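# Tertiary structure, described
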Amino acid sequence: MLTNRVTVRVQLESSCKKMLDELCDRRGMTQIAVMTRLVNWFVEQNELIQAAVLGQLSAQAQQELARRLLQQMVGGRSRGPR
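Residues numbered from 1 in each chain as written. Predicted model: local features only at pLDDT ≥ 70, side-chain atom pairs only at ≥ 80, totals over all residues. Heavy atoms only, no water.

Moving on to the layout of surface pockets. One number sums up the size of the largest pocket: a volume of about 610 Å³. If you go around the largest pocket, you meet 16 residues; those closest to its centre are V6, V8, I32, M35 and T36. Listed by contribution, the elements that provide at least two residues to the lining of the largest pocket are α1 (14-27) and α2 (31-44). The leading source of residues in the lining of the largest pocket is α2, at six residues. (1 Å grid on protein atoms, 1.4 Å probe; cavity = no way out; pocket = protein on both sides within 12 Å on 5 of 7 lines; lining within 4 Å. Points joined across faces, edges and corners; volume = space filled by probe spheres on them. Helix = DSSP H or I, 4+ residues; strand = E, 2+ residues; numbered from the N terminus.)

Structure below.
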């Protein structure tokens, strides 16, 4: 089955490109595979998570988000393995 694919260019600082290369080597993945998974994950997140990742939240909002995420993580652990 063929799917429609679009190619998007990304501009990186050389230090970031080096870290991406190292990540790809460690994971045995191509840059395209890594970037595709990252972008797919990002666009599926809710607006709050997207804003946090993009650095668009106030310090107070970041603290509240961190608190809620930690509560969810702790709550998930108390339920045991799924």
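Summarising the model, the protein chain shows a mean pLDDT of 89, and 90% of its residues fall at 70 or more. The least confident element of the protein chain is helix α4 (residues 59-78), whose mean pLDDT is 86; the most confident is α1, at 98. (pLDDT = per-residue confidence, 0-100.)

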